[in-house]
Amino acid sequence: MKLDPSWLVSVALHALLLAATLLLPRPQPFSLPAEDAVPVELVAPVPETIKSPRQPKAPAAPLAPVTPVTPKLDAPAAQRPAMVKAHSFYAAKLLADPRSRRARQALATFAPDERAIQLCNIEAMEQIHRWKAELHPDLVVPYATDSLRIDGGSIHAEGGAFRAGRRWYGLTFSCDVAEGNVAAFEFGVGEAIPEARWAEYNLVAGNPED
């Protein structure tokens, strides 16, 4: 029986195509990268003992004679840092990020004053970074060296601090919160706080691998 040469050619071509298919690399399964954490960290609720009281002032006691004191020229008073007034606000946008879900859930459990403080802390971190790009704050403590004053929806932190690059810096800010959003913000960045005083102000160093 004589074989048709065209049939042999067809068989050979199919064999080559099959071999080429087997040699192709197999597709790898696709997996989404792990979700990065949003740089929104809530500080511990502010203890009542360091908030300025809202109670009416007690009647003033009779004034005693005061002896004038001459100020020492070699001990200048600490100067308040220059204040920067913000014209745009970012806390709401940061919290709206899907990766901030846990922060939003935590905020919902706080009392109104505490929630306002946390919003102002978040706003402070973003404002500082936009003011000076090399600073990347990851934590704000608004009552580090002085008490916090709350006046309605206004938060005034005269002795705050923020952590950036494993260092702590002084921070002053005034923040207004209206209807759950930051409506006004003004801040001033102070000098770096010496590490020897971190324990005094309960400032944590953070993860050395950050």
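Here goes a summary of the coordinates provided.

Criteria and cut-off values
- Residues numbered from 1 in each chain as written.
- Predicted model: local features only at pLDDT ≥ 70, side-chain atom pairs only at ≥ 80, totals over all residues.
- Heavy atoms only, no water.
- Salt bridge = Lys/Arg side-chain N within 4 Å of Asp/Glu carboxyl O.
- Helix = DSSP H or I, 4+ residues; strand = E, 2+ residues; numbered from the N terminus.
- Buried < 20%, exposed > 50% of the residue type's maximum accessible area, 1.4 Å probe, protein only.
- Disulfide = S-S within 2.5 Å.
- Core = buried A, V, L, I, M, F, W, Y, C linked by side-chain atoms within 4.5 Å.
- Contact = heavy atoms within 4.5 Å.

Considerations on the pattern of salt bridges
For step 1, the next point in the chain: As enumerated under the stated definition, the model contains four salt bridges in all.
For step 2, the next point in the chain: Ionic pairing is found between Glu 126 and Arg 130, a salt bridge with its closest N-O pair at 2.8 Å. One end of the pair, Glu 126, and the other, Arg 130, are both in helix α4 (residues 112-131), four residues apart, so they sit about a helical turn from each other.
For step 3, the next point in the chain: Given a relative accessible area of 16%, Glu 126 falls into the buried group.
For step 4, the next point in the chain: When the shortest N-O distance is used, the salt bridge between Glu 200 and Arg 197 registers 3.1 Å.

Some points on the state of the cysteines
For step 1, the next point in the chain: Counted by the stated rule, this structure contains one disulfide.
For step 2, the next point in the chain: Disulfide pairing places Cys 120 opposite Cys 175 at an S-S distance of 2.1 Å. Residues Cys 120 and Cys 175 are joined through a disulfide that is left-handed, its torsion about the S-S bond being -80°. Of this pair, Cys 120 sits in helix α4 while Cys 175 sits in strand β5 (residues 167-178), and the two are 55 residues apart along the sequence.
For step 3, the next point in the chain: A relative accessible area of 0% means that Cys 120 is categorised as buried.

Comments concerning the nonpolar core
For step 1, the next point in the chain: Counting residues in each nonpolar core, the largest one holds 31 residues, and the members touching the most others are Ile 155, Phe 162, Leu 171, Phe 173, Cys 175 and Phe 185.
For step 2, the next point in the chain: Listed by contribution, the elements that provide at least two residues to this core are α2 (91-96), α3 (101-108), α4, β3 (148-151), β4 (154-164), β5 and β6 (181-192).
For step 3, the next point in the chain: Beyond its immediate stretch of four places on either side in the chain, Leu 171 contacts Ala 124, Ile 128, Val 140, Ala 157, Glu 158, Gly 159, Gly 160, Ala 161, Phe 162, Phe 187, Gly 188 and Gly 190.
For step 4, the next point in the chain: Leu 139, Ala 144, Ala 161 and Tyr 201 belong to the second largest nonpolar core, which has 10 residues in total.

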